[in-house]
Every structure is written in structure tokens, then in C-alpha cells.
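Take a look at the letters that make up each chain.
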Amino acid sequence: MSDLKKIKDEFLLKLNENLNFNEINEIKSKLFGKNGLISSQFKKIGSINEEERKKFASDLNIIKDELLELIDTKINRIKNSEINEKLEKEKIDVTLPERSFVRGKIHPVSQTIDEISSIFSEIGFSVEEGPDVENEYNNFTALNTPDNHPARDMHDTFYLDKKKEKLLRTHTSPVQIRTMLKDKPPFKIIAPGRTYRSDSDQTHSPMFHQVEGLHIDKNINMGHLKGCLNYFIKEFFEVNKIKMRFRPSHFPFTEPSAEVDIGYEMKDGKIVIGEGNQWLEILGCGMVHPNVLKNVKIDPSKFQGYAFGIGIDRLAMLKYGIHDLRAFFDCDFRWLNHFGFDPLDVPTNYRGLSR
Ligand code: PHE
């Protein structure tokens, strides 16, 4: 018994000290580990003579329970206080004002593409993509623009090889072909992206952006095209009324074809969209040519539809009062800081597009 009492007294004293997690665990294994002081007392039981054995075992069990409970309570207390300390240290006051740091801005072209996608998604268009490096077939031939067709010259194409098989796409229309080849009609897609032509001045840049639209289904007609574009322009410029003019035009891949102008006027040096007697050309469109449908194995007597191609940079310039197209691609930080958008300001139709 004196052995047991010694152990108990010694450890009661130790357990009263200010211990950390490791120290208390060390004590626990010293007592209750495989060769621990208490564990080895248990091994002794068998060798004790019969009269003393019962009492020894009962004393030993009491001491064991007592020490174990003490140790476990202490361990729990230490664990809790460590968690509380951590919580206290890592506390963040979310009501504090933000520190001033330099923040990136969203480029007006990216913002405009997001706005356009949001507007068209409201009326059931999904977004498709195609590569900037195209083959000549998708960019021209499949779009009813065969070799030697005069429209090829008008595109000022950047060819990437001598055979003129690879090129930088001159418009987003090849995405029409890619989309129709990989799936079955109906189709209702837009395809925003970069396009390239060898041309550069205040209103032309060798790289610019377009968004293609394609809607193929049964019984689609020019009225649907007009309704769709009218809705888009009103939503985009956030006006209730818009003056639009469809001017007959020519594209090899649409028949009939039209270019669309919107009405505007200058007020105090600013463009006001939707009023006045001036006209601005913003897009090309038309009913998809039956030859294009045949090229992608769609029967033009069953399916037909419209397509359009809108210049994105032009729209962004108009909406946000940017006068020189080249500034878009100068990478001038001060310019981007002025015309750019807050990264958290994601445009949606219901929350407002440009605020
Ligand atoms: N791809 C034409 C262009 O870049 C625009 C367009 C697209 C016209 C679709 C009609 C239909 O000029």
C-alpha cells in the first residue's frame, strides 16, 4: 500500500502544476503506458499473498480511477483553453474598413462581353467558343465564300502559312460552322471573341472583338431577327426606345443581308443613343444562306434561321464614351483605372448592367 500511496501523492502534486498538453500526456503514459507505474502494479497482483491481494487490487483500482479522471479532466481543460486562445488570436473584425490597396480593374471590353452574354442568355442563347487560329475552310469556304470570291479580299486576312490554309479568323462567323457541325439543330448561340484584320487607324485595330449570333430552328424568319436585335440594343444601352434602321447589304453567308444602324444625337458633346437624326452602323446580319446549311448537312427546307455579327469594341466605345479604339489595347494602367470596372461588379440583367 505504501507504494501505491507514494505514487498517488507524487502524481497528485505533479498534476497540480501548470502543465501543457505534451507534459500531461507524458505523465499519462508514465502511469498508464505499457510499462507505466500503475500498469506494472497491476502485474504484481498475481504474486501477492491471498489475504492482502483483494485489498491491494481494490486500492489499486481506486487510485487508478482517481488519477485517470484527474488526468482526463486536465487534458480536456488544456484542449479547450488552447482552442479559445487560438480563436482569440485569430479573431477578425469584419466590420473594420478595408485597407487601401491597389486593386485590379475589369477591362471595358471584358465587361461589355459579360453584359452581352447576360442579355442574350435571358432570351435563351448559350455561349460558344472557337479558336483564334482558324482554317481557311471554316472562315471562308463553308461560309459560302469560295476561293477567288471578292469578299475574301475585303477581309484583309492575316494568313499564317504560304498555302493560305491557316489564318487568324477575320470574323466570329466560323463558330457558326463549328457549332452546327458538332450538333443537331435547333441552335441558339452567341460566340464572342477576338478577330483579326490587317487594318489600323482611329476606328480600326488589327485585333478587335465581335460577337456572333446564330439562331436556327423551324420557321424562323426575318421578324425574329429584328425582334431579337431590337431587344438587345435596348437592353444594352439601357433605354426604352431605340431607333433602328435595316439597310440592305451583302454577305456571302446570308440572304437577304442587312446592316443595322442605330439613331443617335450629340448633346453637349455626348452621344445620346435612340434619338436624333444621325445614324451609326453597329452590326451585320441576315438569314443564313441555304448553301451554308447544306455545308453543315442541315436540310434548308426544314430548318432556317438568322445570324448576326456585332462589333463589341464599337459598342463599348459608344456606351462608355471612349473616343479612340486604340486606347483599348495600349495597356495604359491610368486609362484602365479610369475606364475599368470593379471586379465584383458582375453585370446581370436584373441588378443592372453598368452600375
Ligand atoms: N461576319 C460578318 C462580318 O464580320 C458579320 C455578319 C455575321 C454578317 C453574321 C451576317 C451574319 O462582317
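Keep in mind the model is a prediction, meaning the values are calculated, not measured.

### Regarding the overall build of the protein chain
Item 1. Secondary structure assignment for the protein chain yields 12 helices and 10 strands.
Item 2. Its C-alpha radius of gyration of 38 Å places the protein chain more than 25% over the 20 Å reference for a compact globule of 355 residues.
Item 3. Seen along its three principal axes, the alpha-carbon backbone of the protein chain occupies a region of about 115 × 55 × 45 Å.
Item 4. Residues classed as buried in the protein chain amount to 41% of the 355 residues present.
Item 5. For the protein chain, restricting intrachain contacts to residue pairs at least 6 apart in sequence, the fraction spanning at least 24 positions comes to 66%.
Item 6. Only carbon and sulfur atoms are counted for the fraction: they give 51% of the accessible area of the protein chain, which is about 20,800 Å².
Item 7. Side chains of the protein chain carry 52 positive and 54 negative charges; the gap between the two charge centres is 3 Å.

### Thoughts on the site of the ligand
Item 1. Near the ligand you find 14 residues, and of these His171, Ser173, Arg197, Gln210 and Gly309 are the closest.
Item 2. One of the side-chain N or O atoms of Arg197 is found 3.0 Å from an oxygen atom in the ligand.
Item 3. Note that an oxygen atom of the ligand is positioned 2.9 Å from one of the side-chain N or O atoms of Gln210.
Item 4. Contact with the protein chains hides 92% of the accessible area of the ligand, taken as 330 Å² for the molecule alone.
Item 5. When residues in the shell around the ligand are grouped by element, the largest group, 3 residues, is from strand β10 (residues 304–311).
Item 6. Of the residues belonging to the shell around the ligand, the class tally is 5 nonpolar, 7 polar and 2 charged.

### Describing helix α3 (residues 37–44)
Residues spaced three or four apart along an α-helix face the same direction, because each turn holds 3.6 residues.
Item 1. Taken residue by residue, α3 has Ile38, Ser39 and Gln41 as its buried positions. With its buried residues spanning 155° around the axis, α3 presents them on a single face.

### Considerations on the packing of helix α2 (residues 21–32) against α3
Item 1. Put simply, α2 and α3 touch, their axes get as near as 3 Å, and they point 10° apart. By the criterion of interaxial angle, the relationship of α2 to α3 is roughly parallel. Residues Lys30, Leu31 and Phe32 of α2 touch α3, and the partners they reach there are Leu37, Ile38 and Ser39.
Item 2. Partitioned by chemical class, the residues of the contact of α2 with α3 number 4 nonpolar, 1 polar and 1 charged.

### A word on the pattern of salt bridges
Item 1. Taken as a whole and judged by the stated rule, the model has 22 salt bridges.
Item 2. The residue Glu10 makes a salt bridge to Lys14 at a minimum N-O spacing of 3.7 Å. One end of the pair, Glu10, and the other, Lys14, are both in helix α1 (residues 2–15), 4 residues apart, so they sit about a helical turn from each other.
Item 3. The residue Asp132 makes a salt bridge to Arg194 at a minimum N-O spacing of 3.9 Å. Here Asp132, found in the loop between β1 (126–127) and β2 (133–135), pairs with Arg194, found in strand β4 (residues 187–196); they are 62 residues apart in sequence, far enough to count as distant.
Item 4. Each of Arg245, Arg247, Glu259 and Asp261 takes part in a single network of salt bridges with overlapping partners.

### A short note on the domain arrangement of the protein chain
Item 1. We note that the domain assignment places domain 1 (3–89) and domain 2 (108–339) within the protein chain.
Item 2. If you average the C-alpha positions of domain 1 and of domain 2, the two centres end up 80 Å apart.

### A closer look at the pairing of β10
Item 1. Burial within β10 is extensive, with 6 of its 8 residues counted as buried.
Item 2. With 8 bridges connecting them, strand β5 (residues 207–217) and β10 associate as antiparallel partners. Counted as the bridge partner of Glu212 is Gly309 from β10.
Item 3. As paired strands, strand β9 (residues 278–288) and β10 are joined by 5 bridges and run antiparallel to one another. Residue pairing across strands places Leu283 opposite Ile310, the latter belonging to β10.

### Regarding helix α4 (residues 50–89)
Item 1. An ideal rise of 1.5 Å per residue puts 58 Å on 40 residues; α4 measures up with 58 Å between its terminal C-alpha atoms.
Item 2. The complete set of buried residues in α4 reads Phe56, Ala57, Asp59, Leu60, Ile63, Leu67, Ile71, Lys74, Ile75 and Ile78.

### Re the pairing of β9
Item 1. For β9, the buried fraction is high: 8 of the 11 residues fall into the buried class.
Item 2. Direction of pairing for strand β7 (residues 254–267) relative to β9: antiparallel, over a ladder of 9 bridges. Counterpart to Gly263 in the pairing with β9 is Trp279.

### Regarding the packing of α3 against α4
Item 1. Two elements in contact, α3 and α4, have axes whose closest approach is 11 Å; the angle formed by their N-to-C orientations is 165°. Between α3 and α4, the interaxial angle falls into the category roughly antiparallel. Crossing geometry of α3 relative to α4 is assigned as left-handed. Contacts from Ile38, Gln41 and Phe42 in α3 reach Phe56, Leu60, Asn61, Ile63, Lys64 and Leu67 in α4.
Item 2. Residues of the contact of α3 with α4, tallied by class, amount to 6 nonpolar, 2 polar and 1 charged.

### A short note on the environment of Lys64
Item 1. Position of Lys64 relative to the elements: it lies in helix α4.
Item 2. Measuring from C-alpha to C-alpha, the distance between Lys64 and Lys182 comes to 76 Å, with 118 residues separating the pair along the chain.
Item 3. Those residues in contact with Lys64, other than ones at most four positions away along the chain, are Phe32, Ile38 and Phe42.

Calculation notes
- Residues numbered from 1 in each chain as written.
- Predicted model: local features only at pLDDT ≥ 70, side-chain atom pairs only at ≥ 80, totals over all residues.
- Heavy atoms only, no water.
- Helix = DSSP H or I, 4+ residues; strand = E, 2+ residues; numbered from the N terminus.
- Rg over C-alpha atoms; globule rule 2.2 N^0.38 Å.
- Buried < 20%, exposed > 50% of the residue type's maximum accessible area, 1.4 Å probe, protein only.
- Contact = heavy atoms within 4.5 Å.
- Areas by Shrake-Rupley, 256 points an atom, 1.4 Å probe, with all protein chains shown as cover.
- Lys, Arg positive; Asp, Glu negative; His and termini not counted.
- Charge placed at Lys NZ, Arg CZ, Asp CG, Glu CD.
- Near = heavy atom within 4 Å.
- Polar contact = N/O pair within 3.5 Å; in protein donor to acceptor, adjacent residues only side chain to side chain.
- Nonpolar A, V, L, I, M, F, W, Y, C, P; charged D, E, K, R; others polar.
- Arc of directions from axis to C-beta.
- Axes fitted to C-alpha atoms, helices over the stretch in contact; angles between N-to-C directions.
- Parallel < 35°, antiparallel > 145°, perpendicular 65-115°, else oblique.
- Salt bridge = Lys/Arg side-chain N within 4 Å of Asp/Glu carboxyl O.
- Domains from an automatic or database assignment.
- Pairing = 2+ DSSP bridges.
- Expected span 1.5 Å × (residues − 1).
- Left-handed = near helix turned anticlockwise from the far one by under 90°.

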